[in-house]
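# Structural characterization, general
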Amino acid sequence: MAEMGNNMKKIKLDIVGLSYSQTQSGAYALVLGEVGGRRRLPIIIGSFEAQAIAIEIEKMTPSRPLTHDLFKSFAQAYHIQIQEVIIYNLVDGIFYSKLICSDGKKIAEIDARTSDAIAMAVRFDCPINTYEFILSTAGIVIEGNEFAYLENFNDPQEEKAVSTTTGNYSNVSTDELKAMLQEALTDEQYEKAAKIRDELNKRKES
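The notes below deal with the structure included here. Here the structure is a predicted model, which means the values were calculated and not measured.

Attention now goes to the pairing of strand β2 (residues 27-34). Counting buried residues in β2 gives 8 out of 8 residues, a clear majority hidden from the surface. The alternating pattern of β2 places A27, A29, V31 and G33 on one face and Y28, L30, L32 and E34 on the opposite face, and all of these are buried. Taken together, the 7 bridges between strand β1 (residues 10-20) and β2 define a ladder with antiparallel strand orientation. Bridge pairing in β2 links D14 to G33. Across 7 bridges, β2 lies against strand β3 (residues 39-46) in antiparallel orientation. Looking at the pairing, A29 lines up with I44 of β3. Between the end of β2 and the start of β3, which pair antiparallel, lie 4 residues, with G36 showing a positive phi angle near 75 degrees.

Right, let's get into the pattern of salt bridges. For side chains bearing opposite charge, pairing can occur when the charged atoms are close. Throughout the structure, instances matching the rule amount to 11 salt bridges. In this structure, R123 engages D69 in a salt bridge whose closest nitrogen and oxygen atoms are separated by 2.7 Å. One end of the pair, R123, is in helix α4 (residues 114-124); the other, D69, is in helix α3 (residues 67-77), with 54 residues separating them in the sequence. Residue R123 is classed as buried on the basis of its relative accessible area, which comes to 4%. A salt bridge links D116 to R113; the nearest nitrogen and oxygen atoms lie 3.0 Å apart. Since its relative accessible area comes to 49%, R113 is described here as partly exposed.

The rules we used
- Position numbers for residues start from 1 in each chain and track the written sequence from start to end.
- Note on the predicted model: pLDDT of at least 70 is required for a residue's local features to be given, and 80 or more for side-chain atom pairs to be given and counted; whole-chain, interface and lining totals, by contrast, use all residues.
- To obtain the side-chain values, all non-hydrogen atoms of the structure were used and water was disregarded.
- A simple rule labels every residue: compare its accessible area, found with a 1.4 Å probe on the protein chains alone, to the largest value its type can have, and call it buried under 20%, exposed over 50%, or partly exposed in between.
- In this text, helices come from DSSP runs of H or I with a minimum length of four residues, and strands from runs of E with a minimum of two, each type numbered from the N-terminal end.
- By this definition, two strands are paired if DSSP reports at least two bridges between them.
- Think of a salt bridge as a Lys or Arg side-chain nitrogen and an Asp or Glu carboxyl oxygen that are within 4 Å of each other.

Here it is as structure tokens:
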């Protein structure tokens, strides 16, 4: 039972990076980091959600409210605060999240896509948490803290040449995959790293 309890231990995350995907057009890699630890959780998100997160982090003000700004204004009009975001499950490479909301009397849990949940967390300045079992399954360990960056969103086309890899690693040996994972991390290619990690996890399970 102790193991199960430890697995459900909550771990605080923060946003350490957001980068234009090297392999998937219009996708971004949102990188969450374990606070006080060396594990990183890369999550692939769409460009709209990436923009919604970046705008808030960089404190840019859009001329009209984005969907997430509207959601915040709507919640605040009725005195509802988001107290916490929890990434609570991982199934087939998809992260499941929920918003813990309160009006001061009643607490409600609302299911949300992880990208939307993070976009709300930065607007309400609330903690982002996950569980140990998710971080131990999908987390990538890095050496040092050199991956704290936020890419420029104005012109993602200026990024270095897009890789032609399709992300199909089934013919690559496990040792080679591990080496490729380290290389992808060194190059800050988090989206590629996430795909390699998923392939390695699949092999562990089979």
